[in-house]
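Chain by chain, the residues run as shown.
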Amino acid sequence: MTQASASTSSPRAADRPSDGLSGETLCKWLYDMQLIREFETRTMQAYQQAKIGGFCHIYSGQEACAVGTIKSVEDDDPIVLAYRDHGHALARGLSPRACMAEMYGKLAGCAKGKGGSMHMFDKPHWLFGGHGIVGAQTPLGAGLAFAARYEWEVLGKGKKKVSLCYLGDGAIDQGAFHEALNLVSLFSIPVIYIIENNGYSMGTAIERHTANHDDLISRGKSYGIKSIEIDGFDVLNVYDQFKPFADECRDLQRPGFVDLKTYRYMGHSMSDPQKYRTKDEVETWKEKDSIAALASCLLTPESEGGRGCLSEDDWKSMRKEIAEIVRDAVQFAEDAPAPEVGAELYSDVYINPMPQLSPMGEYTHGEKNPLL
Ligand SMILES: Cc1ncc(C[n+]2csc(CCOP(=O)(O)OP(=O)(O)O)c2C)c(N)n1
Ligand SMILES: [Mg+2]
């Protein structure tokens, strides 16, 4: 993999927004990133024990991407994702219990256990999935942003919002992606397409699956969309570059495109033998691990160029607390009741329920259908 090499260094913004962040905020970001890492470690264990079914894609290595971008926007700015979605859900503030229960297919999950790993939905957190079809979320991102702009500008309600639509490098050659880019530019729709460029689409390296892979932002620019590249391994750098970019897209109500360079430590999904890359390649990337780098920055005294807002003891107890929270989430998911098939099979499928075939083979009606 050469496109986003481990030695990629990114310039820090001249005027760094992260300098104004409190030590408390930075420690919370470290907490969130470590929570994601720990959550994914326990998810892998549960999957290997066959307690989680279906496809499952681990986010470890990419934590700085979700945390750095989600912390740059408001809690009620809509976000929509691909299937590698646990990290974003947690960074958005979903409880580890609700996320883990979702993966276990339990009623207490954020989508009542109907979505599983790839479909983390939670309306109160403005989280619109989790989508398994590569690129499917790109028109949805346009729609969410259009709705927000319409509400503010035409209906005179709400406020200026910016929507975030995350996708992988493997999605940028999908037809729907280009149709969406054209429309959002034409109608000046405030959505930012964030390409979490981890250099692989399943087992195919970017140089083998995408033309002009050294210059992904040319895709955005060719539609007249302001486009930037960001090193996604340093969370402060992500924030420093993404925050002003997102603020501008919000203020001017226009779209954006970001090539966010990152790397995944684990296989594409839980069933990936990873024959397409070497262990050395993975280890080289791990050397610049985003969590270790942030912890080191917060532990280093200000006099030595760090932030000096975290002690070794605090860091140790933070990790212990997180391990306990994730253990609790797993236990909660294991103990939680499964949905009742009769009660849940057809609920939340259609807004106006149509006649359905019951599990017993008879046609039944859900709630009264106003169309019938
Ligand atoms: C339309 C469509 N084509 C193919 C697939 C099979 N598929 C699932 S994941 C994937 C790779 C996508 O890679 P990328 O977008 O880079 O995301 P990453 O897994 O690296 O996060 C493919 C081809 C699919 N789910 N949907
Ligand atoms: Mg990828």
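A few points on the structure.

1. Describing the overall build of the protein chain
So, step 1. Helix and strand counts for the protein chain come out as 13 helices and 11 strands.
So, step 2. What you see for the protein chain is a C-alpha radius of gyration of 21 Å, in line with the 21 Å of a compact globule of 372 residues.
So, step 3. Summarising its shape, the C-alpha atoms of the protein chain cover approximately 70 × 50 × 45 Å along the three principal directions.
So, step 4. Taken over 372 residues, the protein chain has a buried fraction of 44%.
So, step 5. Restricting to contacts in the protein chain with at least 6 residues of sequence separation, those with at least 24 account for 72%.

2. Side note on the site of ligand 1
So, step 1. Neighbouring ligand 1 are 14 residues; Val-134, Gly-168, Gly-170, Ala-171 and Ser-201 lie closest to it.
So, step 2. Residues that form the shell around ligand 1 fall into these classes: 6 nonpolar, 6 polar and 2 charged.

3. Brief notes about the packing of helix H1 (residues 23-48) against helix H12 (residues 312-335)
So, step 1. Two elements in contact, H1 and H12, have axes whose closest approach is 9 Å; the angle formed by their N-to-C orientations is 40°. The pairing of H1 with H12 is recorded here as oblique in orientation. Relative to H12, the crossing made by H1 is right-handed. Residues Tyr-31, Gln-34, Leu-35, Glu-38, Phe-39, Arg-42 and Ala-46 of H1 pack against Met-318, Arg-319, Ile-322, Ala-323, Val-326 and Val-330 of H12.
So, step 2. Of the residues belonging to the contact of H1 with H12, the class tally is 9 nonpolar, 1 polar and 3 charged.

Rules and cut-offs
Residues numbered from 1 in each chain as written. Chains lettered and ligands numbered in written order. Predicted model: local features only at pLDDT ≥ 70, side-chain atom pairs only at ≥ 80, totals over all residues. Helix = DSSP H or I, 4+ residues; strand = E, 2+ residues; numbered from the N terminus. Rg over C-alpha atoms; globule rule 2.2 N^0.38 Å. Buried ≥ 20, exposed ≤ 12 C-beta atoms within 10 Å, placed from the backbone. Contact = placed C-beta atoms within 7 Å. Near = placed C-beta within 6 Å. Nonpolar A, V, L, I, M, F, W, Y, C, P; charged D, E, K, R; others polar. Axes fitted to C-alpha atoms, helices over the stretch in contact; angles between N-to-C directions. Parallel < 35°, antiparallel > 145°, perpendicular 65-115°, else oblique. Left-handed = near helix turned anticlockwise from the far one by under 90°.

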